[in-house]
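Next come the chains, spelled out residue by residue.
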Amino acid sequence: MKDYVKRNKKILDKWRQNNEDKYGEKKFAYDGIMYRGKNDDSENKLWNEAQLRILFITKDQPAGDADAWDVRGELGDLSYAFFRNLMYQLYGLHNTTSKYKADYTFTNEEAEELYSKSALARINVKKEAGTNSLPNYILRKYLERDGEFLKEQIENLDADIIVCCGYSDYVEDTGNLILNFLIKACKYKFKRYNDWIYYDKDKEKIAINNWHLSVRKSSEDMYNSLTDAYYQFLKEYPNFIKSHRD
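For clarity, every value in this text was computed on a predicted model and none was experimentally measured.

What counts, and where the lines are drawn
- Residues numbered from 1 in each chain as written.
- Predicted model: local features only at pLDDT ≥ 70, side-chain atom pairs only at ≥ 80, totals over all residues.
- Heavy atoms only, no water.
- Pairing = 2+ DSSP bridges.
- Helix = DSSP H or I, 4+ residues; strand = E, 2+ residues; numbered from the N terminus.
- Contact = heavy atoms within 4.5 Å.
- Axes fitted to C-alpha atoms, helices over the stretch in contact; angles between N-to-C directions.
- Buried < 20%, exposed > 50% of the residue type's maximum accessible area, 1.4 Å probe, protein only.

### Section: the sheet that holds strand β4 (residues 161-165)
Working step 1: With mixed pairing, seven strands are arranged side by side in an open sheet as β1-β3-β2-β4-β7-β6-β5. The outermost strands of the open sheet, each flanked by one partner alone, are β1 (32-33) and β5 (191-192).
Working step 2: Here strand β2 (residues 54-58) runs beside β4; their pairing, made up of four bridges, is parallel. Bridge pairing in β4 links Ile57 to Cys164.
Working step 3: Packing of helix α7 (residues 177-184) onto the sheet brings it into contact with β2, β4, β6 (197-200) and β7 (205-210), and relative to β4 it is tilted by some 135°.

### Structural notes on the pairing of strand β3 (residues 120-124)
Working step 1: The buried fraction of β3 is high, at five of five residues.
Working step 2: With burial as the criterion, each face of β3 is covered, one bearing Leu120, Arg122 and Asn124 and the other bearing Ala121 and Ile123.
Working step 3: Both β1 and β3 contribute to a ladder of two bridges, which runs antiparallel. Within the sheet, the bridge partner assigned to Gly32 lies in β3 and is Arg122.
Working step 4: As defined by bridge partners, β2 adjoins β3 across five bridges and the pair is classed as parallel. Along β3, the bridge assignment pairs Ile54 with Leu120.

Structure representation (structure tokens):
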């Protein structure tokens, strides 16, 4: 059984040391497979056996003047748009099939329970903790500067659904610097299926061209737009949600 957790730690340890030695950056935020079990072995087993592995890639951690924290231990707080959109979208992805679209009728308790138990990974592009916003020109800088580390981390996690959080009307190509990185640097062959879904048919993986999770849009509208698009995709490719594990 591949040890995704151990390999992720090695990548991040190397990344943290590089950032401290080269740039004097000391507020490094660890991330990866979310804590769901009692120890690394149980986390690794859950990820290895997951029917579909879901990875959310966001920009950076809004720590402000505080110390960086380990993303993997985040419990989530639905009073914040960021976590509300994350949990709701995760619920929609888990519960939509080729024959059923998960409607916006679930309770917060149901969304929180699924979030607390499901195999989920969350990583930031910029590991140095930041503030409440990260302009795209700075995000681009970190994608270029730390791209090799990020690529190694993404490839190790080997997610089936990669949610790229950062769409902008002002970005070239897909409109999403993170999705552009997956295509250009990680060599995924993602092709646009609809506004939200990009599909790599060879690897049987999808990328979701998502807004920033704190965007000033209705969580209900965000949820319905994504699940409608995913449902449309699954009706054409119903086998996608069958287990990707051997």
